[in-house]
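# Breakdown of the fold
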Amino acid sequence: MLLERYGLEVVMAFIKDMVRMWLHAWKRFISIALISLLGVAVLTGIYAGCRDAFLATDRFFDTQGLHDIQVLSTAGLTDDDIAALRKISGVAKVQGERSQTVTVDLNGKKTVTMQEIGTNGIDQPYLQSGRMPEKSGEIAVTRKFIKDSGYKKGDHITVTPQDSASSSVSDSAESDTQDGKRAARVTDSGESDNQAPSFPTELTIVGVVLDPQDLTNPDGYSGTNAFRSSATSDYTFFAPSDGVTGSMYTAVTILVKGTADKDSFSDVYDDTVSEVADRIDGTVRTNRQKARHQELLDAGTKQIDEAKAQTDKQFAAAQQQIDSNRSQLNQQIDQIVNMQAGAAAGSLDETTRETLRETVIAASPQLAEAKAQLDQAQSKLDQQKKDTERTLQSKQNELEDSIPQVRWYVQDRSQIGGFSSLKSDLESIQSLGNAFPIVFLLVAVMMSLTAMARMVEEDRGLIGTYIGLGYGRLAVASRYLLFALFACLIGGGLGLIAGFLGIPAFLLVVLRGLYVMPDVRLAYDWLYGTAGVALFVVGVLAATVYACAQEMRQKPASLMRPKAPRAGSRILLERIKPLWNRMSFLGKVTARNIFRFKSRLIMTVGGVAGCTALIVCGLAINDTVAALGAKQYQDVYQYDLMVVANDDDADAMRQKVASDGRVTSSMDVRVESGDLTGDSGSESIQLVAVPDSERSEFGKMVTLQPVRSSWVDGAADTVSLGDDGVIVSQSAASAMGVKAEI
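Per chain, the residues get numbers from 1 upward, laid out in the order the sequence is written. Thresholds applied to this predicted model are a pLDDT of at least 70 for local features of residues and 80 or more for the giving and counting of side-chain atom pairs; totals over whole chains, interfaces and linings are not thresholded and use all residues. Hydrogens are left out, water is left out, and the side-chain values use all remaining heavy atoms of the structure.

This part covers the packing of aromatic side chains. Any Phe, Tyr or Trp ring, taking Trp's six-membered ring, that has another such ring centre within 6.5 Å forms a pair; planes under 30 degrees apart are called stacked, those over 60 apart edge-to-face, and the others tilted. One pass over the full model with this rule turns up 17 aromatic pairs. A ring pair is formed by Phe-54 and Phe-265, whose centres lie 4.5 Å apart and whose planes are at 50°; its orientation type is tilted. With a gap of 211 residues between them, Phe-54 in helix H3 (residues 26–64) and Phe-265 in the loop between strand S12 (251–256) and helix H6 (267–341) connect regions that are remote in the sequence. Of the two residues examined, Phe-54 and Phe-265, each falls in the buried class. Aromatic pair Phe-145 and Tyr-151: ring centres 5.8 Å apart, planes at 5°, arrangement stacked. In DSSP terms, a helix is any run of H or I states spanning at least four residues, a strand is any run of E spanning at least two, and both are numbered starting from the N terminus. Exposure classes here rest on a 1.4 Å probe applied to the protein chains alone. A residue is buried below 20% of its type maximum, exposed above 50%, and partly exposed in between.

Pasting the structure below:
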């Protein structure tokens, strides 16, 4: 339009003057570009770093086949359970997993989970060095074990299986035999035909792997003193199926259809998995729990019947032996009777013959002793029969009570400690990236408004001239709008480079100190990057439009005249004579200008306040994180060490702790896993049971305080254990929506 109206020379002169004005205001240009650079970099950088970490771990989980759902059972899982799970709609793959808890001598006993490498592509360990185990006795270990133990590939390890309780009736009835007498013994244990997994104990390290369920970096910040640890054992060894015995599974893992194409950390993924988990929690879970319980009952009944049949067989053999010995004794007695009767032996009736037998036995101490032994053996055998029948009947009656109800636990990835920790840490960092850019945006808007308002005010005479010559207000305003636009675009472009390359690279260095994340790629998000630059462009341009509109709404004649100074007025300080009279001339001028130009005061104070808020926020986050450990392990947990052992080693552990001269006080507690059920569902929890005899020591070891609603509540009283009820942590209460009874 300008070209058609004024011609090329006039337009070029207008453009040349505009460029000259831009070059003269290069400091303002740099300041607007710099604040845009910082804002866009922070807005996109933290987001991009967390997004790259999320995408990398999601690709890793998909490649290694990290399970979407895991099913656990208090009585183990069988092939029938796997078959039932395969029939559920939405299930893509099902894999039975066998594992065993063992101990290894590594500066004391350490707990190790022997994990079978699945054959269906689920929960596959990631090979870092060496090769995957293929033969019986070969294992792959984690980097953490290599670091702690000093072992290397090719070394041999011996592990000891931990004792595991069996179910209800033993596989076979044991018996003792002595002098033709047999006594059956039936134990209190019982199992079905599915045997618990058993792994080789002589092992050879052939590879170092990364467990997809635990991405903690042992060489990083958490290598020596992890802030939190979700592992139930110290280490995990991975072994091939070769050499593993037992048909019972310790867990069943499931991949859900369609989840491989979804972000593992998104709500869409959670909803997809929840639908399948709800189907499992429905009739399948209930039916299989009942079926497994009945299977254990049938197995127990079968083993009792087998024990009864075996004991009956043993008793029959013993009875046959006694009868054979008695028959031989009777034949020997009859021979003596026939010799004594002579020719009349054939005519003796049974009564007379029996009398003669008694006479012969009484006359012979050897025969009397033999008969007494046989009678005693018969009496003991009869008594053993009665005792065994009574014992078997008692076991049959107790079978229903001795086999507990089977319970399934259906868990998704949120129950994996490594997954939930990684997600929580990344989301916490990402939340900072959502808050900080807002402050930068406000500072950028206020800075650009101040800068452009001064720039327009300085050129008001030139603006009036251009408008008086016939230039449109939009054409004149474009000088300043393009100035602000180019500053934002250049600063935003550089901010995108820093945001998608620089900050993520630095952030990933920090994250790699916490977690091992293979195949991390720095990716650009076109939508988020464009939106980040557009956000600052719109904010700065809006401030520029407002500054231009304030001046250009006047007539050209008013613009070409110098702007009249604002009318002076008395300020509050002038009314305070002792203070005002002692101020210098420049001080009085400064005070009057501050109250005269209130908009500049607000923008200056707002900008300084925003920048100060960012600095204070960063320091506060640093101080808060640094204080967490001290508050947790000095104010709440006051003990220095927790020693954990199974029931078999508990007494030995107490003796060792008591014999250590450095221990001043100790307390026995029992730690179990359980479920906390409320109106909103159930959550897995850790239950710490304190015996009544240790309640006095509990207050010395742990100091619990009620949750304060705000910082103004003051110091809170401590919470003590009572005779009834439990103390629930704030996180569990918030998750379940439960409250304390007052």
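The next point concerns a nonpolar patch on the surface. Residues enter patches when their relative accessible area tops 30% and they take part in no salt bridge; the joining distance is 9 Å for like charges and 5 Å for the nonpolar side chains Val, Leu, Ile, Met, Phe, Trp and Tyr. Computed by Shrake-Rupley with a 1.4 Å probe, the accessible areas treat only the displayed protein chains as cover when residues are assessed. Put simply, a salt bridge is a Lys or Arg side-chain nitrogen that is within 4 Å of an Asp or Glu carboxyl oxygen. Taken together, the side chains of Leu-482, Phe-486, Leu-489, Ile-490, Leu-494, Ile-497, Leu-501 and Leu-522 present a nonpolar region at the surface, about 680 Å² in accessible area. Mapped onto the elements, Leu-501 comes out in helix H11 (residues 473–512).

Turning to the pattern of salt bridges, a few remarks are in order. Side-chain pairs of opposite charge can arise whenever the charged atoms involved come near each other. Within the structure shown, the criterion is met by 21 salt bridges. A salt bridge links Asp-17 to Arg-479, with the nearest nitrogen and oxygen atoms 2.9 Å apart. Taken together, the residues Asp-17 in helix H2 (residues 8–24) and Arg-479 in helix H11 connect sequence positions 462 residues apart. By the burial criterion, Asp-17 is buried, and Arg-479 matches it.

A word on the side chain of Ser-99. Assignment of secondary structure puts Ser-99 in strand S3 (residues 99–105). With relative accessibility at 18%, the residue Ser-99 sits in the buried group. In protein, a polar contact means a hydrogen-donor-capable atom and an acceptor-capable atom, both N or O and within 3.5 Å, with residues adjacent in sequence counting only if both atoms are side-chain atoms; elsewhere, any N or O pair within 3.5 Å suffices. At 2.9 Å, the side chain of Ser-99 forms a polar contact with the side chain of Thr-250. Contacts between residues were defined by any pair of non-hydrogen atoms, one from each residue, lying within 4.5 Å. In this view, Ser-99 contacts Thr-113, Met-114, Gln-115, Pro-197, Phe-199 and Thr-250; residues no more than four positions away in its chain are not counted.

The buried fraction of strand S11 (residues 235–239) amounts to five of the five residues, a majority that puts the element mostly inside the structure. Alternating positions in S11 separate into two faces, Tyr-235, Phe-237 and Ala-239 on one and Thr-236 and Phe-238 on the other, with burial throughout. Note on pairing: DSSP must find at least two bridges between two strands before they are called paired. In this structure, strand S4 (residues 109–116) lies alongside S11, joined through five bridges in parallel fashion. Bridged to Val-112 within S11 is Tyr-235.

What follows concerns the side chain of Asp-81. By the element assignment, Asp-81 lies in helix H4 (residues 79–86). Setting aside anything within four residues of it in sequence, one finds Asp-81 in contact with Gly-76, Arg-288 and Trp-408.

The residue Met-560 is located in helix H13 (residues 556–560) in this model. A residue is classified by how much of its surface remains accessible, and Met-560, at 45% relative accessible area, is partly exposed. C-alpha of Met-560 to C-alpha of Leu-462: the two residues are 98 residues apart in sequence and 7.1 Å apart in space. Excluding residues that lie within four positions of it along the chain, Met-560 makes contacts with Arg-460, Gly-461, Gly-464 and Thr-465.

Two residues of an α-helix separated by three or four positions point the same way, owing to the 3.6 residues in each turn. Of all the positions in helix H10 (residues 460–468), only Arg-460, Ile-463, Gly-464, Tyr-466 and Ile-467 are classed as buried. Across the axial projection of H10, the buried residues extend over an arc of 165°, all falling on one side. Two residues or fewer past H10, Gly-470 is found with a positive phi of approximately 110°. What the arc measures is the spread of directions leading from the helix axis to the C-beta atoms.

Attention shifts here to the sheet that holds strand S1 (residues 69–73). Spatial ordering of the open sheet is given by S2-S12-S1-S13, a layout of four strands whose pairing is antiparallel. Edge positions in the open sheet fall to strand S2 (91–97) and strand S13 (408–412), since each of these has one partner strand only. Mean inter-strand twist for the sheet, computed between neighbouring axes without regard to direction, equals 20°. Relative to S13, S1 runs antiparallel, the two being bridged by five bridges. Residue pairing for S13: Leu-72 is matched across the bridge by Tyr-409. With respect to the sheet, H4 is in contact with S1, S2, S12 and S13, its orientation differing from that of S2 by roughly 170°. Whenever a helix is involved, its axis is fitted only over the stretch in contact; in every case the axis is a line through C-alpha atoms, and angles between N-to-C directions fall within 0 to 180 degrees.

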